[in-house]
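Close look at the chain arrangement
Residues per chain, in single letters:
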Amino acid sequence: MLYREIKPNVYYVGSIDWDRRLFDELIPLPDGTSYNAYLIKGSEKTALIDTVDPTKTSELITRLRDIKADVDYVVAHHAEQDHSGSIPEVLKLYPKAKVVCTSKCKTMLVDLFHLPGDKFIEVEDGETLQLGGKTLEFIHAPWVHWPETMLTYLREDKVLFTCDFLGSHLATSNLFVEDENKVYEAAKRYYAEIMMPFRVAIRKNLEKIKNLDISIVAPSHGPLYNNPSFIINAYREWVSDDVKNEVVLAYVSMHGSTQAMVDYLIDALMQRNIKVKPFNLSVSDVGELAMSLVDAATIVVATPMVLGGAHPLAMYAAYLANALRPKTRFATVIGSYGWGGRAVEQIKDALKNLKVELFEPVLIKGFPREEDFRLLDKLADSIRSKHDEIVKK
Ligand code: FEO
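Computed from a predicted structure; not experimentally measured.

Some details on the packing of aromatic side chains
For the coordinates displayed, the defined rule picks out twelve aromatic pairs. When the ring of Tyr38 is compared with that of Phe161, the centres are 5.0 Å apart and the planes differ by 55 degrees; the resulting orientation is tilted. With Tyr38 in strand E7 (residues 38-41) and Phe161 in strand E15 (residues 159-163), this pair connects stretches of sequence that are 123 residues apart. Residue Tyr38 shares its accessibility class with Phe161, and that shared class is buried.

Given below as structure tokens:
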């Protein structure tokens, strides 16, 4: 099994999961993922930085044996099982090793793995641990994306181990980023799905690391960054309040009436030089939808009326957008009904976490007539005018 040196006596010992296609039974992983773990050998002590998903424990153990590691510390940045899941097996292999983590993380790991309290060393924000010629500095970074998270800065080698923060779900044989465009897309998708709800906390954590001299960012998913500003600048843009002149149009149509409205609105927006990203919810990848919400100024949900309310797929999209809390500034609902229903109220209610201004909805009876298309023209005019007010040129 392969382990790879990233700096003298600093090794990658993680696992690539080429075939995983779903995370949390929710998030599509079109490019697989990796669970990155690292081994740091000091002249006196050795630390393992995170572990791997339980499905890959045997790979980690083999690598540790191959490298002849004698682990004294297991640094657990984050309790989620894709990084903590092998801790019990690692502790069996190294019975004297201690788990180094925040006090919150300790509580979670005890709950998950029923480990005894004396297996842990709790560390405060800014505390350091000497391995002998390798100094680990722990940086508490709550809410990236759980409350217990921390990062580790290896001072001598200027490596920042960031766990989920700044990572990407991308299985690749490249240890470091080679194709920046590919990694940018994967990292943005990852940010949208995992980090976006915690945008404000992430902004604070970016501030916290801004004065560190970093040569490598080593996350726990995806390739490492030897050009740290690439990913840090991308995050700065994503967490900022700036939005783009874009409309996310999440839609579903049953018999073509809502589809005719969607088609018309797409053209109307394009004529007004507004970028539009339509998602047919019956076939769309929710990860793509989440990504599009990172920057868009406006979201429009288009739905037919079914069983007296919005279509369940439209409700799902609204629920997801609400949970992901993008910085979107405007929203509305369009659609068609046969005899009535509560779609607008339901979708407005489902989006209540978003601090959005609502445009007048366009709900029409049956197939759209000329006067209905004029209402869509008016909506497109309103979107253009609001975007002109707030989107930076
Ligand atoms: Fe990659 Fe939050 O675990």
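Continuing now.
Description of the domain arrangement of the chain
When cut into domains, the chain gives domain 1 (4-239) and domain 2 (244-388). Between the C-alpha centres of domain 1 and domain 2 there is a distance of 38 Å. The partner domain 2 presents 16 residues to the 14 residues of domain 1 that form the contact. Buried area between domain 1 and domain 2, both sides added, is near 1300 Å², and the carbon and sulfur share of it is 61%. It is Lys188, Arg189 and Met196 that lose the most area in domain 1 upon contact with domain 2, and together they represent 39% of the buried surface on that side. If you look at where domain 1 meets domain 2, you find four salt bridges.

A closer look at the side chain of Asn36
Residue placement: Asn36 occurs in the loop between strand E6 (33-35) and E7. Asn36 gets classed as buried once you look at its relative accessible area, which sits at 1%. A distance of 2.9 Å separates polar atoms of two side chains, one belonging to Asn36 and the other to Ser34. At 3.5 Å, the side chain of Asn36 and the side chain of Tyr38 are in polar contact.

Considerations on unusual backbone geometry
That bond from Val144 to His145 is cis: its omega, 10 degrees, falls within 30 degrees of zero. Along the chain, His145 turns up in the loop between strand E13 (135-140) and strand E14 (150-154). Phi is positive for Asn9, close to 65 degrees, though the residue is something other than glycine. For Lys68, which is not glycine, the phi torsion reads 60 degrees and is therefore positive. Relative to the assigned elements, Lys68 resides in the loop between helix H1 (57-66) and strand E9 (73-75). Take Lys68: its relative accessible area is 67%, and that puts it in the exposed class.

Some points on empty space enclosed by the protein
Counting across every chain of the model gives two cavities of 30 Å³ or more. What lines the largest cavity is a set of 13 residues, among which Tyr12, Ser34, Thr172, Asn174 and Gly222 lie closest to the centre. Its residues assigned to classes, the lining of the largest cavity shows seven nonpolar, five polar and one charged. Estimates place the volume of the second largest cavity at around 30 Å³. The wall of the second largest cavity is formed by Asn36, Tyr38, Ile49, Asp50, His77, Phe161, Thr162, Cys163, Ala218, Pro219 and Ser220. Put simply, the parts of the chain that give the lining of the second largest cavity at least two residues each are E15 and strand E16 (216-219). With three residues, E15 is the single largest residue contributor to the lining of the second largest cavity. Residues that form the lining of the second largest cavity fall into these classes: six nonpolar, four polar and one charged.

Here's the deal with the nonpolar core
With 65 residues, the main nonpolar core has Phe165, Tyr191, Ile202 and Tyr235 as its most contacted residues. Broken down by element, this core gets its largest block of residues, eight residues, from helix H5 (residues 180-195). Of the domains in this structure, domain 1 (4-239) and domain 2 (244-388) are the two that each give at least three residues to this core. Excluding anything up to four places from it in sequence, Phe165 contacts Val144, Leu151, Met195, Ile202, Asn205, Leu206, Ile209, Pro219 and Tyr235. Leu48, Ala69, Val71 and Ala79 belong to the second largest nonpolar core, which has 28 residues in total.

Cut-off values and rules
- Residues numbered from 1 in each chain as written.
- Predicted model: local features only at pLDDT ≥ 70, side-chain atom pairs only at ≥ 80, totals over all residues.
- Heavy atoms only, no water.
- Phe/Tyr/Trp six-rings, centres within 6.5 Å; stacked < 30°, edge-to-face > 60°.
- Helix = DSSP H or I, 4+ residues; strand = E, 2+ residues; numbered from the N terminus.
- Buried < 20%, exposed > 50% of the residue type's maximum accessible area, 1.4 Å probe, protein only.
- Domains from an automatic or database assignment.
- Contact = heavy atoms within 4.5 Å.
- Buried area = accessible area lost by both parts, 1.4 Å probe.
- Salt bridge = Lys/Arg side-chain N within 4 Å of Asp/Glu carboxyl O.
- Polar contact = N/O pair within 3.5 Å; in protein donor to acceptor, adjacent residues only side chain to side chain.
- 1 Å grid on protein atoms, 1.4 Å probe; cavity = no way out; pocket = protein on both sides within 12 Å on 5 of 7 lines; lining within 4 Å.
- Points joined across faces, edges and corners; volume = space filled by probe spheres on them.
- Nonpolar A, V, L, I, M, F, W, Y, C, P; charged D, E, K, R; others polar.
- Core = buried A, V, L, I, M, F, W, Y, C linked by side-chain atoms within 4.5 Å.

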